[in-house]
Amino acid sequence: MSHYIDELDKKILEYISRDARISFLEIARECKVSGAAIHQRIQKLTQQGMILGSQYIIDPEKIGYETCAFIGIYLKDPSMFDEVVQQLETIPEVVECHYTTGSYDLFIKVYARNNHALMNFIHDKLQPLGLQRTETVVAYNTSFDRQLPIENILAEERTRKS
């Protein structure tokens, strides 16, 4: 569901999408409003579900998880979808889970210490969930990983209005 956001909301989203650690006062100075106004706006955007939170991002490779893989999952019984998703959620190596179009029932992103650990993960943790089969793609490197670039969306919107 889309919510109406004004220019101030858009500027706030632009600043926090670039740096989640930016202070409310710094945003307020840039936007020429009070710190309280920024605080209220961020609370509103959070309550609307537009801002889902903030977090530190840990580099998996730096803590020993050298293999990143994407796994397409085919379920034996598609009616087990919700149960399988709940079970996947309890497995720490699974960092994303998507319900997609196409031939897969589910598509997940996982991290493993190495390729051997990935093989064991698939055999020991995934297969017992009631899967028909899986297809795995190992990522050699992440070229980039980003949020939706707010500044580009804002520029497009300004162009449409003029």
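Please read all numbers here as calculations on a predicted model, not as lab measurements.

What am I meant to see in helix α3 (residues 35–47) here?
When the terminal C-alpha atoms of α3 are compared, their 18 Å separation across 13 residues agrees well with the 18 Å that a helix rising 1.5 Å per residue should span. Of the positions making up α3, those classed as buried are Gly 35, Ile 38, Ile 42 and Leu 45. When α3 is viewed along its axis, its buried side chains cluster within an angular range of 90 degrees and face the same direction. Summarising the geometry of α3, the exposed residues directed more than 90 degrees from the buried face are Gln 40 and Gln 47. Considering only its buried residues, α3 is in contact with α1 (7–18) and α2 (24–31). Following α3 by one or two positions, Gly 49 has its phi on the positive side, about 85 degrees.

Explanation requested: the nonpolar core in the structure shown.
Most often, soluble globular proteins keep nonpolar side chains buried together rather than apart. If you look at the biggest cluster of nonpolar residues, it comprises 18 residues, and the most contacted ones within it are Ile 71, Leu 88, Phe 121 and Leu 126. When contributions to this core are tallied by element, the ones reaching two or more residues are β1 (67–75), α4 (81–89), β3 (106–112) and α5 (115–126). Those residues in contact with Phe 121 that lie beyond four places of it in its chain are Ile 71, Ile 91, Glu 93, Val 94, Val 110 and Leu 126.

I keep staring at the packing of aromatic side chains and nothing clicks. Help me out?
Centre-to-centre distance and the angle between the planes together describe a pair of aromatic rings. Summed over all chains, the structure comprises 4 aromatic pairs. Seen in terms of ring centroids, Phe 70 and Phe 107 are 6.1 Å apart; in terms of plane orientation they differ by 15 degrees. Their pairing is stacked. Of the two residues, Phe 70 is situated in strand β1 and Phe 107 in strand β3; the sequence distance between them amounts to 37 residues. Classification of Phe 70 by relative accessible area gives partly exposed; the value is 27%. A ring pair is formed by Phe 81 and Tyr 99, whose centres lie 4.8 Å apart and whose planes are at 65 degrees; its orientation type is edge-to-face. Pair noted here: Phe 81 is in helix α4 and Tyr 99 is in the loop between β2 (94–98) and β3, with a separation of 18 residues, a long-range link. Owing to a relative accessible area of 65%, Tyr 99 belongs among the exposed residues under this scheme. Grouping aromatic residues by their ring pairs yields a cluster made of Phe 70, Tyr 74, Tyr 104 and Phe 107. Directly above the aromatic system of Tyr 74 lies the positively charged group of Arg 133, at a separation of 4.1 Å from the ring centroid.

Can you help me understand the packing of α2 against α3 in this one?
A pair of packed helices is captured by two measures, namely the crossing angle of their axes and the spacing between those axes. In contact at an axis separation of 8 Å, α2 and α3 are set at 110 degrees when each is read in the N-to-C sense. The angle between α2 and α3 places the two elements in the roughly perpendicular class. Contact residues: Phe 24, Leu 25, Ile 27 and Ala 28 in α2; Gly 35, Ile 38, His 39 and Ile 42 in α3. Taken together, the residues that form the contact of α2 with α3 break down as 6 nonpolar, 2 polar and no charged.

Criteria and cut-off values
- Residues numbered from 1 in each chain as written.
- Predicted model: local features only at pLDDT ≥ 70, side-chain atom pairs only at ≥ 80, totals over all residues.
- Heavy atoms only, no water.
- Helix = DSSP H or I, 4+ residues; strand = E, 2+ residues; numbered from the N terminus.
- Expected span 1.5 Å × (residues − 1).
- Buried < 20%, exposed > 50% of the residue type's maximum accessible area, 1.4 Å probe, protein only.
- Arc of directions from axis to C-beta.
- Contact = heavy atoms within 4.5 Å.
- Core = buried A, V, L, I, M, F, W, Y, C linked by side-chain atoms within 4.5 Å.
- Phe/Tyr/Trp six-rings, centres within 6.5 Å; stacked < 30°, edge-to-face > 60°.
- Lys NZ or Arg CZ within 6 Å of the ring centre and 35° of its normal.
- Axes fitted to C-alpha atoms, helices over the stretch in contact; angles between N-to-C directions.
- Parallel < 35°, antiparallel > 145°, perpendicular 65-115°, else oblique.
- Nonpolar A, V, L, I, M, F, W, Y, C, P; charged D, E, K, R; others polar.

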